[in-house]
Structures are given as C-alpha cells and as structure tokens.
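Given next are the chains, with one letter for each unit.
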Amino acid sequence: MPKAQITIPLDIPDVRVLQTAVNERGEIIITIESTKAGTQCRKCGRWITKLHGRDEWVTIRHSPAFGRPTYLRYRPNRYQCQDCEGHPTTTQVLEWSDGNSPHSFAYDNHILLQLVNSTVEDVSVKEGLSYDSVAGALERRIETSVDWTTITEMEVLGLDEIALRKGQGNYVTLVTGRFRDGEIAILGVLPGHEKAVVVEYLRLIPQRILQGLQAVCCDLWEAYMEAVREEIPTARIVADRFHVARHYRDAADQSRKTELQRLKKELPKEEYQKLNGSFRVFRKHAKDLNKEERKTLRGFFAYSPCAKQAYDFREAFTALYDMNLSKKQAQSKFLRWIWQVEKSGLLCFDTFIRLLRHWWEEITNFFVHRENSGFVEGFNNKVKVLKRRCYGIFNLTHLFQRIYLDLSGYRLFAATTIYA
Ligand SMILES: [Zn+2]
C-alpha cells in the first residue's frame, strides 16, 4: 500500500523547490533554486542584478525531516557588477547558508542545540557527522570573546581556577559574570592563574562595569585576591561557600583515610570488610543518608571515634552556612566552631583553620552578600558544573565557545524561526 503523503513548507525563505527525492540510504534530497534577485557587489557594495550564470551544484546538510538526514541541493547564482572596473562577479549571498559552510544555518542551529551540555563526540555520533563538522558549527557560529559594549547591570564577577588535566601547570582562569536578572555569562578564559594574567584581563573591562560590581567571587587563591584588590579596590571580595567547602571537606576526608588505613592493619580481615562502603558514605551529608548507609557509618564510627568527630564537625560547619546569618553572627559562630575543634584535640582541621583565619573577611563576606542581594549559590553551582565539563578541552577559544553555548544555547537555539 502506498504511504500517505503530506506537504509541509520548507523552512527557508526565497527559494523554489525543483525536486524532492529520497536516495538509497533513505536520506532526503531537496533540490532548490533561489528566487531572490540580485546580491551586493563584493567590491563596491552596490546592489547588482545582472545574472552572470550559475556556479556548480552545491549540496549542504539541512535540519532533519522526520529524523532523516536531509540535504539541500542548489546552484548558487552569480551576478556581475556593471559599475566596477573589470566587471567583477559575486556569488549571491543567501539568508539560509553562508556559502562556505557545509551546513545550512538551520542545521548549524540544530547541531548547536544538541551540543548544549553535551560533547562534540556525542553529537557527532548521533548526527552521523565527523568531529570536525560538529566543531565547525561551534567555530562558525559561537562568539569567541565578549563584546563589552553589550554588557550592562553586571553584579558579580567570578574568578575560578580550573585544571584542564591532572598535574601541575595546566591551570586556566574562568571569568564569569552574574547579572541582575540572575543570568550567568562567560566573560573569558585566561591562559593561566597568575596575578599578571588576571590584572591584564581586568584592565580590559570598562570602568563603568567594574564600578557597578557588588562583589567579586574568587577561589581562595592569593594571586586572584591581589589582582582584584589592586584593579577593583571598590569591590567586595567574597569567597563562596563552595570554595570553602572543598577545604573543610577534604580535611575531614583526610581523617577518614588515616583511620581506615589504621583499621585495615588492626582489624581482622572479616571485620574490616564490613566497613566496605564507608568511604563513599562518609562523603554524604548526614541528612542524605538512608538507613543502610547510617548503619555502615555507625559501624565505622564504632571503631573510630575521631572519624566521627571529624564527620560531625564537617556537618556542623555546613549547617552554619545553611543558617541565615549576618556576617557578624557568622563570625562569632565560626570562632566558636574553631574553639570546639581545637578543644577536641582533632588535628585534621588545622590547615583549614589557618586558611579560615587567613581569609576571614573574604570567607565571612559571603554572608553579607547573601543577606544584601539574595545571592544564591546557583552562581557557583553552575561554575562547578562548567569546571567539570572543561576537563580535557585545551583549546581556550573552544573552551570559551563551549561554555558560552552551555550557558546561552537554549536561549539562542531552542526557538527556531519557521518560514511558512
Ligand atoms: Zn561593484
């Protein structure tokens, strides 16, 4: 029985469909010609309409119809200028393709939407494209730097250090901005995390933007702090809770590691095996533990009172962050926490306490900021996700484009214009 047929409008303007065919691979080939008359002379810029002929056939990939790979096939029109010397010819500029790309704009949009929060590898498999074809859409269509003239109402500037791979010397700095409406934008990816690199970048930011900042959110890293203090003396520097959490959570983890190593030596093998899984469970928040996990943790803590102490102190510190404290209240609670840790004789938090004292203002500024502007941790949670996604992307321009796409891709490419 013949399949039912439908007619749908092609989603590109100013063309006539000459033929629609399905090839042996089931791909749809749409042969079209432009109905637009004329183009701009590439030399003088005048509108020229004298048709000089047609170029060779071009086939470009277009948005899939019914999930099938779809191609547009056409011969570009070429026009001749009557005014310029030598009567040069110009290929017609089209609204739906840029002439040098193997994809229509609509197909690039389709790819870029797939690429949001995904990977080039993944999208190339799903679309049956080469890695370079997917990366090409990114290179052609996504900004490679920020246009400062378009930026207004930026409230928070973020400086975050990212390791592009394990080991020394692979750090870059992620510069992000948070706007009054809560939007987050990538502003730059800097080649390194040294003070000079950051200073050089901050000097590119217009003064009107720097003056309007409520806060600069930084990793606990001396070079960033110094650069910001010198270049934006009016800004309040804030160490976000997630920057701090990494340090006190690692400290507690250290105690867990040492204790498990000790127990491995001291306990009979059978007993030690019962502690299996405490490694993972220890990292969880107390409120997120299920019955089984609480049991595992109790088993571990029965052998190791000091691991329990470390766990409880860690959870207590997190709880302080969850409370709606003023900066002053937070400082007094932090001091009390330090006093209790020191009194307990537990040593694993020593380094963290030194860090807390060193960055006392910056760390407790978090509470001012949350109090004054309803600042939520959404900002840094987003950055945290981005940091994980950056791993292994060494081309900084690509990295910028990937983050730009992750942050703005849905807004830019989810709504496609349909030409009916
Ligand atoms: Zn001309």
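The shown structure was predicted, so the numbers you read here are calculated from the model rather than taken from an experiment. (Residues numbered from 1 in each chain as written. Predicted model: local features only at pLDDT ≥ 70, side-chain atom pairs only at ≥ 80, totals over all residues. Heavy atoms only, no water.)

**Here we look at the sheet that holds strand β10 (residues 154-163)**
(1) Moving on: A sheet is described by the order of its strands in space; here five strands give the open sequence β12-β11-β10-β13-β14, paired in mixed fashion. Where the open sheet ends on each side, the last strands, each with one partner, are β12 (184-190) and β14 (236-239). For this sheet, the mean inter-axis angle between neighbouring strands, taken without regard to orientation, is 25°.
(2) Moving on: As judged from the nine bridges shared by β10 and strand β11 (residues 171-179), these two strands associate in the antiparallel manner. Directly across from L159, in β11, lies its bridge partner V175. (Pairing = 2+ DSSP bridges. Helix = DSSP H or I, 4+ residues; strand = E, 2+ residues; numbered from the N terminus. Axes fitted to C-alpha atoms, helices over the stretch in contact; angles between N-to-C directions.)

**Quick word on the confidence of the model for the protein**
(1) Moving on: For the protein, the mean per-residue pLDDT works out to 89, and 94% of the residues sit at or above 70.
(2) Moving on: Long-range and interchain partners of residues 372-376, a stretch whose pLDDT sits below 50, account for nine contacts in this model, where long-range means more than four residues apart. (pLDDT = per-residue confidence, 0-100. Contact = heavy atoms within 4.5 Å.)

**Describing the coordination of the zinc ion**
(1) Moving on: Protein coordination of the zinc ion is provided by C41 (SG), C44 (SG), C81 (SG) and C84 (SG), with donor distances spanning 2.3 to 2.4 Å.
(2) Moving on: Around the zinc ion, the four donor atoms are arranged such that angles at the metal cover 104 to 112°; this shape is classified as tetrahedral.
(3) Moving on: On the basis of relative accessibility, which here comes to 3%, the residue C41 falls in the buried class.
(4) Moving on: In this structure C44 comes out as partly exposed when scored by relative accessible area, which is 33%. (Donors = N, O, S within 2.8 Å, 3.2 Å for Na, K, Ca; no water. Tetrahedral: all angles 85-135°; square planar, octahedral: opposite > 155°, others 65-115°. Buried < 20%, exposed > 50% of the residue type's maximum accessible area, 1.4 Å probe, protein only.)

**Side note on the pattern of salt bridges**
Side-chain pairing between opposite charges can occur once the charged atoms of the two side chains come close.
(1) Moving on: Under the counting rule described, the total for this entry stands at 27 salt bridges.
(2) Moving on: In this structure, E33 engages R16 in a salt bridge whose closest nitrogen and oxygen atoms are separated by 2.4 Å. Placement of the pair is E33 in strand β2 (residues 28-34) and R16 in strand β1 (residues 15-22), with a sequence separation of 17 residues.
(3) Moving on: A salt bridge links K287 to D288; its shortest N-O distance comes to 3.7 Å.
(4) Moving on: What makes K287 exposed here is its relative accessible area of 67%.
(5) Moving on: A relative accessible area of 42% places D288 in the partly exposed class.
(6) Moving on: One continuous salt-bridge network, built from bridges that share partners, spans E153, E155, R178 and R180. (Salt bridge = Lys/Arg side-chain N within 4 Å of Asp/Glu carboxyl O.)

**A word on the nonpolar core**
Most often, soluble globular proteins have nonpolar side chains that are buried together.
(1) Moving on: One finds L157, F317, W337 and F349 to be the most contacted residues of the largest nonpolar core, which totals 101 residues.
(2) Moving on: F317 has contacts with V244, Y248, F334, W337, F352 and L356, leaving out every residue within four places of it along the chain. (Core = buried A, V, L, I, M, F, W, Y, C linked by side-chain atoms within 4.5 Å.)

**Structural notes on the packing of aromatic side chains**
Any pair of aromatic rings gets described here by the distance separating the centres and the angle formed by the planes.
(1) Moving on: Enumeration over the complete set of coordinates arrives at 24 aromatic pairs.
(2) Moving on: Pairing F313 with F349 gives two aromatic rings, centres 6.4 Å apart and planes at 85°, and the pair type is edge-to-face. On the criterion of sequence distance, the pair formed by F313 in helix α11 (residues 305-322) and F349 in the loop between α12 (327-344) and α13 (350-358) is long-range, its members being 36 residues apart. The two residues F313 and F349 agree in class, both being buried.
(3) Moving on: Ring centres of Y321 and F334 lie 5.9 Å apart, and the angle between their planes is 70°; on these two criteria the pair is classed as edge-to-face. Pair noted here: Y321 is in helix α11 and F334 is in helix α12, with a separation of 13 residues, a long-range link.
(4) Moving on: Assessed through its relative accessible area of 0%, Y321 is described here as buried.
(5) Moving on: Members of the aromatic cluster, each reached through a chain of ring pairs, are Y248, F313, F317, Y321, F334, W337, F349, F352, W360, F366 and F367.
(6) Moving on: Its end group placed over the ring of W57, R73 keeps NZ or CZ at 4.2 Å from the ring centre.
(7) Moving on: Its guanidinium or amino end placed over the ring of F282, R314 lies 5.5 Å from that ring's centre, counting from NZ or CZ. (Phe/Tyr/Trp six-rings, centres within 6.5 Å; stacked < 30°, edge-to-face > 60°. Lys NZ or Arg CZ within 6 Å of the ring centre and 35° of its normal.)

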